[in-house]
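Single-letter residue listing:
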Amino acid sequence: MAFNHKHILGIEQMSPEDIALILDTAESFKEVSLRPIKKVPTLRGKTIINVFFEASTRTRTSFEIAGKRLSADTVNISASTSAVVKGETLEDTARNLEAMKPDIIVMRHSCSGAPHYLAERCDFSVINAGDGAHEHPSQALLDILTMRQHKGQIEGLTVAIIGDITHSRVARSNVYALHKLGANVRLCGPGTMLPPGIERLGARVFHRIEDAIHGADVVMMLRIQQERQGKTMLPSLREYAMFFGLNPERMKLAKPDAIVMHPGPMNRGVEIASSVADGNQNVILHQVENGVAVRMALLYLVSGGEKLEDSAQ
Amino acid sequence: MAFNHKHILGIEQMSPEDIALILDTAESFKEVSLRPIKKVPTLRGKTIINVFFEASTRTRTSFEIAGKRLSADTVNISASTSAVVKGETLEDTARNLEAMKPDIIVMRHSCSGAPHYLAERCDFSVINAGDGAHEHPSQALLDILTMRQHKGQIEGLTVAIIGDITHSRVARSNVYALHKLGANVRLCGPGTMLPPGIERLGARVFHRIEDAIHGADVVMMLRIQQERQGKTMLPSLREYAMFFGLNPERMKLAKPDAIVMHPGPMNRGVEIASSVADGNQNVILHQVENGVAVRMALLYLVSGGEKLEDSAQ
Amino acid sequence: MAFNHKHILGIEQMSPEDIALILDTAESFKEVSLRPIKKVPTLRGKTIINVFFEASTRTRTSFEIAGKRLSADTVNISASTSAVVKGETLEDTARNLEAMKPDIIVMRHSCSGAPHYLAERCDFSVINAGDGAHEHPSQALLDILTMRQHKGQIEGLTVAIIGDITHSRVARSNVYALHKLGANVRLCGPGTMLPPGIERLGARVFHRIEDAIHGADVVMMLRIQQERQGKTMLPSLREYAMFFGLNPERMKLAKPDAIVMHPGPMNRGVEIASSVADGNQNVILHQVENGVAVRMALLYLVSGGEKLEDSAQ
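The shown structure was predicted, so the numbers you read here are calculated from the model rather than taken from an experiment.

What about the overall build of chain A?
What chain A contains, in helices and strands, is twelve helices and nine strands. Whereas a compact globule of 313 residues would reach a radius of gyration of roughly 20 Å, chain A reaches 19 Å, a difference of no more than 12%. In terms of overall dimensions, chain A has C-alpha extents of about 55 × 45 × 35 Å along its principal axes. Residues counted as buried form 63% of the 313 residues belonging to chain A. Pairs at least 24 apart in sequence give 73% of the contacts found in chain A among residues at least 6 apart. Accessible area of chain A: about 11,300 Å², with a carbon and sulfur share of 51%.

A word on unusual backbone geometry
Note: most peptide bonds trans; most residues except glycine with negative phi. Note that the residue after G264 of chain A, namely P265 of chain A, is joined by a cis bond; omega there is -15°. Tracing the sequence through the fold places P265 of chain A in the loop between strand 9 (259–261) and helix 10 (274–277).

Let's talk about the domain arrangement of chain A
All names here are of chain A. With domains assigned, chain A is organised as domain 1 (7–135 + 289–303) and domain 2 (137–285). Relative placement of domain 1 and domain 2: their C-alpha centres are 25 Å apart. Taken together, the contact pairs 33 residues of domain 1 with 25 residues of domain 2. Of the roughly 2,300 Å² buried at the junction of domain 1 and domain 2 (both faces included), carbon and sulfur atoms supply 59%. Summed over the three residues of domain 1 that lose the most area to domain 2, namely I11, L23 and N290, the buried surface amounts to 24% of that side. The partner of R148 in a salt bridge is E27, with the nearest N and O atoms 3.7 Å apart. On inspection of domain 1 and its partner domain 2, the count reaches 14 residue pairs in polar contact (both at pLDDT 80 or more). A breakdown of the residues in the side of domain 1 that touches domain 2 according to their chemical character gives 14 nonpolar, eight polar and eleven charged.

A few points about the interface of chain C and chain A
Each side of the interface is counted separately: chain C has 26 residues, and chain A has 26 residues. Contact between chain C and chain A buries roughly 2,400 Å² in total, counting both sides, with carbon and sulfur atoms accounting for 52%. The largest share of the area that chain C buries against chain A comes from K86, M100 and K101 of chain C, three residues that together contribute 27% of it. Summed over the shared surface of chain C and chain A, the result is five salt bridges. Across the salt bridge formed by K101 of chain C and E289 of chain A, the nearest N and O atoms sit 3.7 Å from each other. Between chain C and chain A we count 13 residue pairs in polar contact (both at pLDDT 80 or more) in total. Of all the secondary-structure elements, those providing two or more residues to the side of chain C that touches chain A are strand 1 (47–52), strand 2 (73–78) and helix 3 (90–99) of chain C. By residue class, the composition of the side of chain C that touches chain A is eight nonpolar, nine polar and nine charged.

Comments concerning the UniProt feature "binding site: carbamoyl phosphate" (unreviewed entry) in chain A
All names here are of chain A. Taking the UniProt record as the reference, the feature "binding site: carbamoyl phosphate" (unreviewed entry) is found at R58, T59, R108, H136, Q139, G264 and P265. Following the sequence through the fold, R108 ends up in strand 3 (residues 104–109). By relative accessible area, R108 is classed as buried at 5%. For R108, the residues in contact, after removing those within four places along its chain, are V51, F52, F53, E54, A55, S56, T59, A129, G130, H136 and R169. Beyond its immediate chain neighbours, meaning those up to four positions away, G264 contacts R58 and R223.

A look at the relation of the copies chain A and chain B
Take chain A, turn it by 120°, move it 0.0 Å along the axis, and it overlays chain B with an RMSD of 0.0 Å. Those values place the two copies in the arrangement expected of a three-fold rotation axis.

Some words on the UniProt feature "binding site: L-aspartate" (unreviewed entry) in chain A
Following the UniProt record, one finds the feature "binding site: L-aspartate" (unreviewed entry) at K86, R169 and R223 of chain A. When you line up the elements, R169 of chain A lands in helix 6 (residues 169–180). On the accessibility criterion, R169 of chain A (12% relative accessible area) is buried. Aside from chain neighbours lying at most four places away, what touches R169 of chain A is E54, R108, H109, G130, D131, G132, A133, H134, E135 and H136 of chain A. A polar contact of 3.1 Å, which involves the side chain of R169 of chain A, links it to the side chain of E54 of chain A. If you trace the backbone, R223 of chain A turns up in the loop between strand 8 (218–221) and helix 8 (237–244). Discounting residues that sit within four places of it in the chain, R223 of chain A has contacts with H262, G264, P265, N267 and E271 of chain A together with K86 of chain C. One polar contact links the side chain of R223 of chain A to the main-chain carbonyl oxygen of P265 of chain A, over a distance of 3.1 Å.

Section: the interface of chain A and chain B
Listed per partner, the contact involves 25 residues of chain A and 26 residues of chain B. Interface of chain A and chain B: buried area, both sides summed, is about 2,400 Å²; carbon and sulfur atoms make up 53% of it. As a salt-bridge pair, R58 of chain B and E88 of chain A come within 2.6 Å of each other at their nearest N and O atoms. Summed over the shared surface of chain A and chain B, the result is 13 residue pairs in polar contact (both at pLDDT 80 or more).

Notes on the pattern of salt bridges
Within the structure shown, the criterion is met by 66 salt bridges over all chains. A salt bridge links K255 of chain B to D217 of chain B; its shortest N-O distance comes to 2.9 Å. Pair noted here: K255 of chain B is in the loop between helix 9 (248–251) and strand 9 (259–261) and D217 of chain B is in the loop between helix 7 (209–213) and strand 8 (218–221), with a separation of 38 residues, a long-range link. Residues R121 of chain C and E120 of chain C are paired through a salt bridge, measuring 3.4 Å at the closest nitrogen-oxygen approach. Among the residues examined, R121 of chain C registers a relative accessible area of 29% and is labelled partly exposed. Taking relative accessible area as the criterion, E120 of chain C reaches 64% and is therefore assigned exposed. By sharing partners, the salt bridges in this structure join E91, R95, E98, E120 and R121 of chain A into a single network.

With respect to the sheet that holds strand 2 (residues 73–78) of chain B
Residue and element names in this part refer to chain B. The four strands lie next to each other as 2-1-3-4, forming an open sheet whose pairing is parallel. Of all the strands in the sheet, the pair left with one neighbour each is strand 2 and strand 4 (125–131). When the angles between neighbouring strand axes are averaged without regard to direction, this sheet yields 15°. Relative to strand 3 (residues 104–109), strand 1 (residues 47–52) runs parallel, the two sharing five bridges. Following the sheet pairing, I49 is matched in strand 3 by I105.

Some points on the sheet that holds strand 4 (residues 125–131) of chain C
All names here are of chain C. In spatial order, the strands read 2-1-3-4; together these four strands make up an open sheet with parallel pairing. Where the open sheet ends on each side, the last strands, each with one partner, are strand 2 and strand 4. Averaged over neighbouring strand pairs, the angle between their axes works out to 15° when direction is ignored. Each of strand 1, strand 2, strand 3 (104–109) and strand 4 touches helix 2 (residues 58–69); the most contacted strand, strand 1, lies at about 180° to it. Against the sheet, helix 4 (residues 114–121) engages strand 3 and strand 4, with an angle of about 170° to strand 4.

Here's the deal with the packing of aromatic side chains
Counting across every chain of the model gives six aromatic pairs over all chains. A centroid spacing of 5.3 Å and a plane angle of 75° characterise the contact between F29 of chain B and Y300 of chain B, whose relative ring orientation is edge-to-face. Taken together, the residues F29 of chain B in helix 1 (residues 16–30) and Y300 of chain B in helix 11 (residues 284–302) connect sequence positions 271 residues apart. The exposure class assigned to Y300 of chain B is buried, which follows from its relative accessible area of 3%. The lysine or arginine in question, R121 of chain A, covers the ring of Y117 of chain A, its NZ or CZ lying 3.6 Å from the ring centre. One Lys or Arg, R295 of chain A, reaches over the ring of F63 of chain A and ends 5.0 Å from the middle of that ring.

Conventions adopted
- Residues numbered from 1 in each chain as written.
- Chains lettered and ligands numbered in written order.
- Predicted model: local features only at pLDDT ≥ 70, side-chain atom pairs only at ≥ 80, totals over all residues.
- Heavy atoms only, no water.
- Helix = DSSP H or I, 4+ residues; strand = E, 2+ residues; numbered from the N terminus.
- Rg over C-alpha atoms; globule rule 2.2 N^0.38 Å.
- Buried < 20%, exposed > 50% of the residue type's maximum accessible area, 1.4 Å probe, protein only.
- Contact = heavy atoms within 4.5 Å.
- Areas by Shrake-Rupley, 256 points an atom, 1.4 Å probe, with all protein chains shown as cover.
- Domains from an automatic or database assignment.
- Buried area = accessible area lost by both parts, 1.4 Å probe.
- Salt bridge = Lys/Arg side-chain N within 4 Å of Asp/Glu carboxyl O.
- Polar contact = N/O pair within 3.5 Å; in protein donor to acceptor, adjacent residues only side chain to side chain.
- Nonpolar A, V, L, I, M, F, W, Y, C, P; charged D, E, K, R; others polar.
- UniProt positions renumbered as here; feature names shortened; annotations may be inferred.
- Least-squares fit on C-alpha atoms with pLDDT ≥ 70 in both.
- Pairing = 2+ DSSP bridges.
- Axes fitted to C-alpha atoms, helices over the stretch in contact; angles between N-to-C directions.
- Phe/Tyr/Trp six-rings, centres within 6.5 Å; stacked < 30°, edge-to-face > 60°.
- Lys NZ or Arg CZ within 6 Å of the ring centre and 35° of its normal.

And the structure:
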């Protein structure tokens, strides 16, 4: 099956077949990270630039490790050293990078649509590593891979996503993916954190966490950004934990074999109790592990991906 | 022809033959960045440390990519993590790096002469990536290469350099190079930005941009550092644009086939109008593209450079 | 002889045989950095993550160069980009890194015991690159290697360590190592910088620098952290230099062939006079040079270390 995308901008543009191909490719790359020599020559001589206009540990590290395990040359640019602080436009920054002939730019940006803007204008492949409150496709793909590994298939699953839906690119990308693959998606959070009209994306909205979790196969908790505390959206972390935090009693409302997910970094005791985060239903670290494999798959597929049989086997 | 320089400190020390050899070597490296596998084994097992005491995206990234495409191991050190903030002298920092046996240190420093100071005292090769308001030789070399590609030869060209000449290491290195190669150099900027005595370097000084551009083959605009606005040197950006900005009308004064250059990052609407920056006379991105090739050539030549036929062909 | 440690947490846990094996391995790696191609394939395909929660130039660079010369893939994470600033626990950060399947985490942390905490909980090898005021084992090992090279053996040496003993992980690791190997250790500093009970580690305490240095084979000066000046511990740098700084007159009290050491970065004119720092008894840059070799040895030994004969010879 062929992968026809030069860029990975969001899940919204993907077909169910695209998603399946990415997940299957990621599965085949997973064992590379378990070998004594964790490296295949697949992308040798390719240049990948990780441009992170917002700080990130795990996503940047995950992409960097994925690139290195494929033998690509990886270069990091962070916001603080960027020419943007000298008043350069995003397009000029991108065209300057383009002139250095990179193969792939992995970009995180605080503005929704920034990666799309570049993809339309530049030669290199763009992978969106999170754009504003819009999409975070590699996160959703690793989430879906984790669900598929634990639940066999996505179709028919009931997935509850709890938290600040409005500002969550993780939620948005997951809603797109889950809806395309036939899952029942439930969204829940304080009224100030639920965007009006979100039902149009194929999700049902719940106002009580108990109703959202009830009978779910997957409970995905979103990170509360503590800097919003005290603003109108979030009166206090204690209240948030009381009304929307995942604790063992609430978890009992889900199916007995339900799994608990979180994109990290976690605020233990706020959106998730430690006993749940560390409990035997949590698959949080499987998500991170799948992250490297999914990112290897994305880097490989946007590069053309013809030689998987030779190099990764 | 042999290259006898262990260091690249400035254009001032170079002969016309040195410059020609660097440009020819850069030309032969350009195609490496266009290959499917953008990498030659030329500097395998060499250690290059990029020490940037001033922030930079494009120069550091360009050197890092150049080093990686030559298969060197590259290590980055930035000002904020540097021992300098703990009160160490530059010489002690350098001697500490020297003890780790690097082959090349690429250094940007806010003090003029800092790379020369190290070159006299340390074993490794030093490449000056910009020292204060003194020199930025790799920038001038990529500028000259770009002019040579578009104009055939440098001798006899009329090159107008417009902006803050006093604080521009780019201008200074270009004046040295252009004068050595037989170009006619014109410098223009507000009186506060023109150093007295600059004519001694072989340039003519103009006070009106129209006069400087008139009949020029090359118009090189310098970046205005916005942080100087409101100080005595620069009353306002609007006035600067009005009196010294490059716009389409002024560009008509140059030769019909003149090229427009800018070292970046650009302040669109200040020193250069967007219609000129994006117009068909601009070669700004050719400059950046040549930057990687020139830096590959510099890294290669200071390393001894005996094996170009074998590895880069 | 076998090396049975998966982690390098501190000198306290090491036997004299462990230390000897590390030093011997480091000696055999030293020549790698002197080759034209400074690289052995020993750790090809291994992933090393340098996690520095405190800024550092020399230690991070030394570990990064050591990793690259062993052909490992190295990834850097610094405090400012870390998820820790988003409220994540150290254990969660570590488990996330673990899920990306690194082989070795090199960690510097401001809290004593942080590396031990991870080593108990995670799969990867941990190398302590400095934890609070506790230990800095790679520094002590390179110090001991330097002493052994200059003095033949450690047993019976008289080593004076002068400075802020209380806050120095360098001092603590050296005291452990020197005591295990049979040296006579003397500690000296202002009363506020000498922890009560330090004699239990096998050292003698001196209050006058002249007494501490008298007849010593090795004089090791510690860095004064200038930010403590004006606090209760340190009235002024001038007074410190007067009472505890190493100058040529004081150095005459040591044995004629005594060596001078400093872990860097140095405050010239404070804890050490420039004439001593640059004098012919100083071995300060030998320490740094040995640093890369010792770190190569540590990375190699915690990785299993079976193939040294094949790859490093």
